Amino acid sequence: MAQQKTGRLESKVALVTGAGAGIGRASCIALAREGARLLAVDCDAPSCEATAAQARETGAEALAFVADVSRAEDCRAMVECAEQNFGALHVLFNNAGISHLEDGDAESTDEAVWDLTMNVNLKGVFLGCKYGIPALRRAGGGSVINTASFVALLGAATPQLAYTASKGGVLALSRELAVRHAREQVRVNALCPGPLRTELLMRQLDTEAKRQRRLVHLPMGRFGEAREIADAVVFLASDESSFITGATFLVDGGVAAAYVTPE
Ligand SMILES: NC(=O)c1ccc[n+]([C@@H]2O[C@H](COP(=O)([O-])OP(=O)(O)OC[C@H]3O[C@@H](n4cnc5c(N)ncnc54)[C@H](O)[C@@H]3O)[C@@H](O)[C@H]2O)c1
């Protein structure tokens, strides 16, 4: 049962992509609990409908919208849907992303894997901004939150070249847009989650041995929870973060600060 509303985002309209699972779903519930009206967007219809239903349990207005963020027409339509149904758009959370199991190093990564990853993770953010920022401006201002990753800042021997490069692109794109729109009351921040216990990472770390090997590198000795990212999303979405733009906003349990972790 979702908790009831508390009101930090009363009167705001939020659009969340990748809303059907993990960070996106947890953020939808958190935003709804704070009073936002919500468009939950995902390429998987049943999962974003389930998220919207959970968000409505908080008493918020929430709708589901099926879109593939790598398609311009879908991104244009999702923004139009938010404005038509809720009258405006104030918060744009470009969060949808994929991590391909065959993403490797430069030699092993297929061109098709590279293109798919870039299309969803980087072009998807570009398209969200392309259609969403004008809507935020029409609303008198707002907050764009783009999900990058701690891997945009660190090298890893995993390897995941396309994923890492796409997230580096999200950081650069977010900084540039933050500066471009700073005088229009449109803030743009890149959110960098650390390793989380969501489907995206657990699909890769599919044995206890792989998970333990990874945990050695995490100062807190645990994976993060989607809910812990959602709390940062609420902050970046709300006016409490009114002087924060162009930030690389790490919510990573200290991973990017670590050289040697505790025994
Ligand atoms: N899980 C982690 O450890 C971690 C760490 C850092 C950053 N991230 C980033 O956070 C974001 C969310 O990750 P998550 O862990 O919640 O993932 P997840 O796999 O649990 O959920 C991702 C959601 O995005 C949707 N999606 C995928 N492709 C889409 C597309 N083309 N159009 C619309 N929706 C699409 C999926 O259907 C799914 O519902 C991603 O951008 C990911 O790269 C995750």
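Residues numbered from 1 in each chain as written. Predicted model: local features only at pLDDT ≥ 70, side-chain atom pairs only at ≥ 80, totals over all residues.

**A closer look at the environment of Cys 129**
Operational definition: Each helix is a run of H or I in the DSSP string that is no shorter than four residues. Each strand is a run of E no shorter than two, and both are numbered from the N terminus. Exposure in this text rests on C-beta crowding, where 20 or more other C-beta atoms within 10 Å of a residue's own make it buried, 12 or fewer make it exposed, and counts in between make it partly exposed. The C-beta atoms are placed from the backbone. Any two residues are considered in contact once their C-beta atoms, placed from the backbone, lie within 7 Å.
One can find Cys 129 in helix 4 (residues 111–138). Judged by the 23 C-beta atoms lying within 10 Å of it, Cys 129 falls in the buried class. Separated by 50 residues in the primary sequence, Cys 129 and Val 79 place their C-alpha atoms 10.0 Å from one another. In this structure, Cys 129 is in contact with Asn 94, Val 144 and Leu 177, ignoring residues within four places of it in sequence.

**Thoughts on the sheet that holds strand 2 (residues 37–42)**
Spelled out, the test is: Any two strands are treated as partners once DSSP identifies two or more bridges connecting them. Lines fitted to C-alpha atoms define the axes, with helix axes restricted to the stretch in contact, and inter-axis angles between N-to-C directions lie between 0 and 180 degrees.
Spatial strand order, 3-2-1-4-5-6-7: 7 strands in an open sheet with parallel pairing. The strands lining the two open edges of the sheet, one partner per strand, are strand 3 (62–66) and strand 7 (248–251). Across this sheet, the average inter-strand angle for adjacent strands is 20 degrees, counted without regard to direction. Taken together, the 3 bridges between strand 1 (residues 13–17) and strand 4 (residues 91–94) define a ladder with parallel strand orientation. Its bridge partner lying in strand 4, Ala 14 is registered against Val 91. Lying on the sheet, helix 2 (residues 45–56) is in contact with strand 2 and strand 3; it crosses strand 3 at an angle near 170 degrees.

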